[in-house]
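# Descriptive analysis of the structure
Chain by chain, the residues run as shown.
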Amino acid sequence: MGVGAAGGAGALLYKLYPPTAFTRKAASIRSTDVSSKGQFPVQFSDVTRDAGICFQHNSGAFGKKYLPETLGAGCAFFDYDNDGWLDVLLVNGMDWPGHKRQRATMKLYRNNRNGTFTDTTHAAGLDLEMYGIGVAVGDYDNDGFADLYITCYGQSRLFHNNGNGTFSEVTKQAGLEGYEGLSTSALWFDYDRDGHLDLLVANYVRWSPDADIYCSLDGRTKSYCTPEAYPGSTCWLFRNRGDGTFEDATGRAGLHDATSKSLGLTMIDYDLDGWSDVFVANDTQPNKLYRNNRNGTFSETAVMAGVAFSEDGVARAGMGADAADYDNSGLPSLVVTNFSQQMVGLYRNEGHGFFVDEAPQSAVGKSSRLTLGFGCFFFDVDLDGRLDLLVANGHIDETITRVESTISYAESPHLFHNEGGGKFRDVVGLVGKAFNQPKVARGAAYGDFDNDGDLDVLITTNDGPAYLFRNDCAANHSIRFRTVGAKSNRDGIGANIRIWTPEGVRWLTVKSGSSYLSQSDRSVTFGLGRFESIERAAIEWPSGVKQELGKLAADRTYVVEEGKGIIADVPHRRL
C-alpha cells in the first residue's frame, strides 16, 4: 500500500492510498561510486511528456528586445493539496500590450501519485495573465496549507491557499498592492522569530517600455542591454503582522538600497546565532550579505565577509544563489551563479564572519568560466552523504555567437559531484543524454516527486519548455524530515536539522527561496550511502525549542511537529 498525507481544515492527516500502476525503468548502474570507466550511480530520465507536463514559457518577445524578456521564469515543487506528493508550479510571462498573440498563464500540475500529473490551473483559480517571473512558497497564515507569492513585472501577486484545492488572490487585502517593479526572486522567512513568515522580495532595475534604452552588440542591430544601462532598485521586506496583512519594514530593517540590481536570494545563518541572515545576488553591483541583528534590523556585511566581489575585487553579474554546508565543516557556505567569462562563485565559510571563494582553484570555477549560470542549488544527487551542486545555464541573447564564438545561447548544465575534501567534478556528461542537452535554462528546483527517496530536478527555459528529470539513483539510502511548527512558523522554515551517522554529523536548514526565481521542496533530505539507519537526529526550531529524536530507520520520511515529536512515518517507494 502507498502511504500519503491529506489535509483537512489545515490538519496534517495521514491515510493509506490504494496501490497504483506506477512503474519505472530501474537504473542500469548499481554502483555507489564513480567507477574507473566513468560510470555514475545516477541517471536522469526526461519524463516531462510521459508525466503529462506540457508547458511553453512566453517572454512576450516581439523584436523590441525588452529587458524583462531575458529573465525567464521560475518553478516550484510543493504539495498544495497536502496529500504527501509534490505538485509542480511553472511561472509564465505574457505578451506585451499592443502585441497580443496568445494567452499565457502559469501552470499548476497536481501529482496523480503514479508518475503523472494533471493540469489543475483553471480549477485552482490560477489561470490569470500576468508577467510572472518568480515564485516563493510559504504558509504565511499558519493554516497548514502552502500559499504562493508570484513576482512579476508590474504588480506581484499573493495567492492564499483555501485548503480545498483552490487559491484566492489576496494581494490587496494583505496590504501588498501598489508595490510595482521588475521583481525577481522572493523568499519567506521569519526574520523576527515571532512565529509568522515574513516576505523578502528582490527587485532588478527601474525599467519600463517608455524608458527602454537602445543597446547593440554589433553596432547595427538592437540587443538586450546590460543592467548597467538602468538605475537600481531596492528590495522589499514585508513584515507579517499575524492577521493576514503585511507592513513594509524595508527601511526600518536597514534593507533599503536603491543601488542594488538583485536577481537571487538565499537564507543563510552564516554566524550560527539562530537568526536567519540573507544573501542577495546582484547583477553588476556588489552582492549583499545582511546579518540579522536580532532586533528587527540587519547590518550589511558583504564586503567585510568577502562575498561582495570576485576574488580580484570586481562586482560580477550575480544571478542565482544557494547556501549549505557542502564540506561538512559545520558552517554554511554560499554559491552564486554569474555571467559568462566570470565563473560561478563558491564562497567557503571560514568562520568568524569571513568567506573565501574556492571556485578559481576548483572544477567549479574552471568548468563554469564560459557558461552563464542561473538556477543553482546544493543537493545530494547520489545520496552518498555529500552535497553536490547543480547549475542551470543559458545565455541571454540568441545572437551571442556572432560576437563571441566560444559562447553559445543554449548551454548544458553543470552537475558538480562532491568528491570529498572540498573537491568537485562535473559529471553532467555521465547522467544521461537528455539532461546534458544544451538549454536556455533559467529556473531550477529539486524535489522527490515519485517519493522513492532520491531527488528529482525541474528546470525551466526562456521562451521554451520546462523539463522534469526523474532521478534513477543507485541503491544508496536516504532519510527525510518534514517540519510542522507550533510556536515557530507552521512550515518550520529556519529550522536546523542534524543527523548523526557512523561517518559523522550532517545538517541542513529548512528553507524557502534560493536558486533563481524558484522554490525547491522544503522537506530536508539526507543521503546516507550504505547505512540503513541513523544514530539520532536533533531539530533546533526558529523559536529556540530543541528537539531530540532517537535512532531512526532510513528510507522513510518523518513528519516532526514542534514540541510533540514524530507524528507520521512514511516509507519511500524504493524499487
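Residues numbered from 1 in each chain as written. Predicted model: local features only at pLDDT ≥ 70, side-chain atom pairs only at ≥ 80, totals over all residues. Heavy atoms only, no water.

### What about the overall build of the protein?
Within the protein, the secondary structure is distributed over four helices and 40 strands. For the protein, whose C-alpha radius of gyration is 22 Å, the value lies close to the compact-globule estimate of 25 Å for 575 residues. In terms of principal-axis extent, the alpha carbons of the protein reach across some 65 × 60 × 50 Å. When each of the 575 residues of the protein is scored for burial, the buried share is 61%. The long-range share in the protein, meaning contacts at least 24 apart out of those at least 6 apart in sequence, stands at 59%. Surface summary for the protein: the accessible area is close to 20400 Å², and the carbon and sulfur share equals 49%. Measuring between centres, the 55 positive side-chain charges of the protein sit 3 Å from its 73 negative side-chain charges. (Helix = DSSP H or I, 4+ residues; strand = E, 2+ residues; numbered from the N terminus. Rg over C-alpha atoms; globule rule 2.2 N^0.38 Å. Buried < 20%, exposed > 50% of the residue type's maximum accessible area, 1.4 Å probe, protein only. Contact = heavy atoms within 4.5 Å. Areas by Shrake-Rupley, 256 points an atom, 1.4 Å probe, with all protein chains shown as cover. Lys, Arg positive; Asp, Glu negative; His and termini not counted. Charge placed at Lys NZ, Arg CZ, Asp CG, Glu CD.)

### Here we look at unusual backbone geometry
The phi dihedral of Asn82 is positive, around 55°, even though this residue is not glycine. Along the chain, the position of Asn82 falls in the loop between strand E4 (75-78) and strand E5 (87-90). In this structure, Asn142 is a non-glycine residue whose phi angle is positive, near 55°. Tracing the sequence through the fold places Asn142 in the loop between strand E8 (132-138) and strand E9 (147-155). Of the residues examined, Asn142 reaches a relative accessible area of 24% and is grouped as partly exposed.

### Comments concerning the domain arrangement of the protein
For an interface, size is often stated in terms of accessible area lost upon the parts coming together. Domain boundaries assigned for the protein yield domain 1 (42-479) and domain 2 (480-571). Each of domain 1 and domain 2 has a C-alpha centre, and the two are 23 Å apart. Facing 68 residues of domain 1, the contacting portion of domain 2 comprises 44 residues. Across the interface of domain 1 and domain 2, roughly 4000 Å² is buried in total on both sides, 52% from carbon and sulfur atoms. If you look at where domain 1 meets domain 2, you find two salt bridges. Between Asp448 and Arg480 there is a salt bridge, with its nearest N and O atoms 3.0 Å apart. Counting across the interface, domain 1 meets domain 2 through 33 residue pairs in polar contact (both at pLDDT 80 or more). For the side of domain 1 that touches domain 2, the secondary-structure elements that each account for two or more residues are E4, E8, strand E12 (180-189), strand E16 (262-267), strand E20 (321-324), strand E24 (373-379), strand E28 (441-447) and strand E31 (477-484). (Domains from an automatic or database assignment. Buried area = accessible area lost by both parts, 1.4 Å probe. Salt bridge = Lys/Arg side-chain N within 4 Å of Asp/Glu carboxyl O. Polar contact = N/O pair within 3.5 Å; in protein donor to acceptor, adjacent residues only side chain to side chain.)

### Remarks on the side chain of Asn58
Mapped onto the elements, Asn58 comes out in the loop between strand E3 (42-46) and E4. What Asn58 contacts, discounting residues up to four positions off in sequence, is Asn92, Gly93, Met94, Asp95, Arg101, Gln102, Ala104 and Asp463.

### Things to note about the side chain of Asn462
Following the sequence through the fold, Asn462 ends up in the loop between strand E29 (456-461) and strand E30 (466-473). A polar contact of 2.8 Å, which involves the side chain of Asn462, links it to the backbone oxygen of Glu69. With residues up to four places along the chain from it excluded, the contact list for Asn462 reads His57, Ser59, Glu69, Thr70, Gly72, Tyr409, Val440 and Arg442.

### Re the nonpolar core
Leu158, Trp188, Phe189, Leu200, Leu237, Ile479 and Phe481 are the most contacted members of the largest nonpolar core, which has 67 residues in total. Counting only domains with at least three residues in this core, you end up with domain 1 (42-479) and domain 2 (480-571). With sequence-adjacent residues up to four places away left out, Leu158 is seen in contact with Tyr140, Leu148, Tyr149, Ser168, Glu169, Val170, Thr171, Ala174, Leu176, Trp188 and Phe246. In terms of nonpolar packing, the next biggest core, distinct from the first, is built from 22 residues, Val428, Val431, Ala441 and Cys473 among them. (Core = buried A, V, L, I, M, F, W, Y, C linked by side-chain atoms within 4.5 Å.)

### Notes on the pairing of E4
The alternating pattern of E4 places Cys75 and Phe77 on one face and Ala76 and Phe78 on the opposite face, and all of these are buried. Sheet topology note: the E4/E5 ladder contains four bridges and is antiparallel. Note that in E5 the partner of Phe77 across the bridge is Val88. (Pairing = 2+ DSSP bridges.)

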